[in-house]
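# A structural walkthrough
Below, each chain spelled out in residue letters.
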Amino acid sequence: MNFFQEMAATLTTWMDALRHLGQSFPLARMGFDALSVALPLAALLAFVGLNFMSATARGLAVTRKRASFEKCARQLALLALLLGWILLICGRVWLFFTQGSYTPDSLSDFMVEMSWVMLGLAVLFNSLYFALWKFLTKLPMLHVGLGAVSGIQACIATVASLAAARMLTALARPDADMLTLGHIYVPGFGTPFWCAIFWSLPLMLAVAGGMGAFWLVLRRNYDDYGRDHYNTMLPWCSTWARNAWAIFWVILLASSVFDVQREWQKETFTAMDAMLESAELLLWLVPALLWTLVARSATPMRHKLTLLAALVLAVAVMLPFYLNITEITLPASMTDMVE
């Protein structure tokens, strides 16, 4: 038995053990299921945003003539590189154990494979961006462009991954034979899937900023660039996260007002619903407040727990929002046919 066969056997054993644990402890299964969605999603969104953040910092190093921005750009590029390769390798392992053999005639298999290929291209561009750092020192705009291309390709990979996830969920429904691509993707603006697509950009930048700020704290003992560097770059990353999250929250507020108005017209909206909706909106504002606290602090390195709390809350708040992309509603006529 070779190395890869032994690794596959070990992973299979671990998966069987986790499955048995989930059957014995339902709460543990729910927690594991939530983490299995939240962590890869947060890593994917952060990978996208970190490419844009690093490219921006690389450009600011030239325009503002500050070495701290170039050092920060390299630190963020390293984090993006690690996240990208982890996602790529773990994604391939997951596909190996869950999808089995590839079927050329299957649209769902094709979409899943293409999402992995798109991610692979993004990781390739990001690897080139990081590897050519010293060689493109005298061509900063070309270097910035390569980082931006990596971010754009990562955006494409994210859209492909969300579309593949929705397709797999649709095929698992008992009425899957009645669904068409129109039912799965087309019902335009305002549906959970398209909201997830449209609103992913501010979430990408917010999660990237929050994860990048926490990454700088973790790298403090390895990249000893001095106190001034971290006192400048930590607020910059935190401000990036705060502003992006604020944009997302304003969009969310507008969407909530629209939903409340619609329910109010139906006379199904109560005072208790108003209180719950307001409490939820205020909770979703907490990450921005925590990042603001770090951004305005004179000693941002002392806010390690604050940065961690903001990042965890952002990922936790983001999870139910993205779980809604699997909601598929059939037309009333087709629902009657199923019944």
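In what follows, the accompanying structure is described. What you are looking at is a predicted structure, and each value in this text was computed from that prediction instead of being measured.

Criteria and thresholds
- Residues numbered from 1 in each chain as written.
- Predicted model: local features only at pLDDT ≥ 70, side-chain atom pairs only at ≥ 80, totals over all residues.
- Heavy atoms only, no water.
- Phe/Tyr/Trp six-rings, centres within 6.5 Å; stacked < 30°, edge-to-face > 60°.
- Helix = DSSP H or I, 4+ residues; strand = E, 2+ residues; numbered from the N terminus.
- Lys NZ or Arg CZ within 6 Å of the ring centre and 35° of its normal.
- Expected span 1.5 Å × (residues − 1).
- Buried < 20%, exposed > 50% of the residue type's maximum accessible area, 1.4 Å probe, protein only.
- Contact = heavy atoms within 4.5 Å.
- Axes fitted to C-alpha atoms, helices over the stretch in contact; angles between N-to-C directions.
- Parallel < 35°, antiparallel > 145°, perpendicular 65-115°, else oblique.
- Left-handed = near helix turned anticlockwise from the far one by under 90°.
- Nonpolar A, V, L, I, M, F, W, Y, C, P; charged D, E, K, R; others polar.
- Salt bridge = Lys/Arg side-chain N within 4 Å of Asp/Glu carboxyl O.
- Disulfide = S-S within 2.5 Å.

## A few points about the packing of aromatic side chains
The full count for this structure, using the stated rule, is 6 aromatic pairs. Aromatic side chains Phe248 and Trp284 sit 6.0 Å apart centroid to centroid with 20° between the ring planes, which places their arrangement in the stacked category. Of this pair, Phe248 sits in helix H9 (residues 227–265) while Trp284 sits in helix H10 (residues 271–295), and the two are 36 residues apart along the sequence. The rings of Trp245, Phe248, Trp284 and Trp291 are connected pair by pair, giving a single aromatic cluster. Its guanidinium or amino end placed over the ring of Phe130, Arg74 lies 4.8 Å from that ring's centre, counting from NZ or CZ. Taking the ring centre of Trp116 as reference, the NZ or CZ of Arg92 above it sits at 4.7 Å.

## Here's the deal with helix H11 (residues 304–323)
Its 20 residues place the ends of H11 29 Å apart at the C-alpha level, agreeing with the 28 Å of an ideal helix rising 1.5 Å per residue. Of all the positions in H11, only Thr306, Leu307, Ala310, Leu311, Ala314, Val315, Val317, Met318, Leu319, Phe321 and Tyr322 are classed as buried.

## A short note on unusual backbone geometry
Apart from glycine, the bulk of residues carry a negative phi angle, and the bulk of peptide bonds sit in the trans form. Unlike most non-glycine residues, Lys65 shows phi in positive territory, near 55°. Residue classification places Lys65 among the exposed positions, given a relative accessible area of 74%.

## Description of the side chain of Ser238
Positionally, Ser238 belongs in helix H9. Beyond its immediate sequence surroundings of up to four residues, Ser238 is in contact with Ala213, Trp291, Val294, Ala295 and Leu307.

## Some thoughts on the packing of helix H4 (residues 107–131) against helix H5 (residues 140–171)
The contact between H4 and H5 brings their axes to 8 Å, and the two run at 160°. When the axes of H4 and H5 are compared, the pair comes out roughly antiparallel. Crossing geometry of H4 relative to H5 is assigned as left-handed. For the contact of H4 with H5, the class distribution of residues is 21 nonpolar, 8 polar and no charged.

## Details of the pattern of salt bridges
Taken as a whole and assessed by the stated rule, the structure comprises 3 salt bridges. For Arg92, the salt bridge goes to Glu113, with nearest N and O atoms at 3.1 Å. Taken as a pair, Arg92 in helix H3 (residues 67–98) and Glu113 in helix H4 lie far apart in primary sequence, 21 residues in all. For Arg92, a relative accessible area of 29% corresponds to the partly exposed category. Residue Arg219 pairs with Asp223 through a salt bridge whose shortest N-O separation is 3.1 Å. You'll find Arg219 and Asp223 in the same group, each marked buried.

## What to know about the state of the cysteines
Under the defined criterion, the tally for this structure stands at 0 disulfides. Residue Cys72 stays outside any disulfide, its sulfur separated by 4.2 Å from that of Cys237, the closest cysteine. Take Cys72: its relative accessible area is 0%, and that puts it in the buried class.

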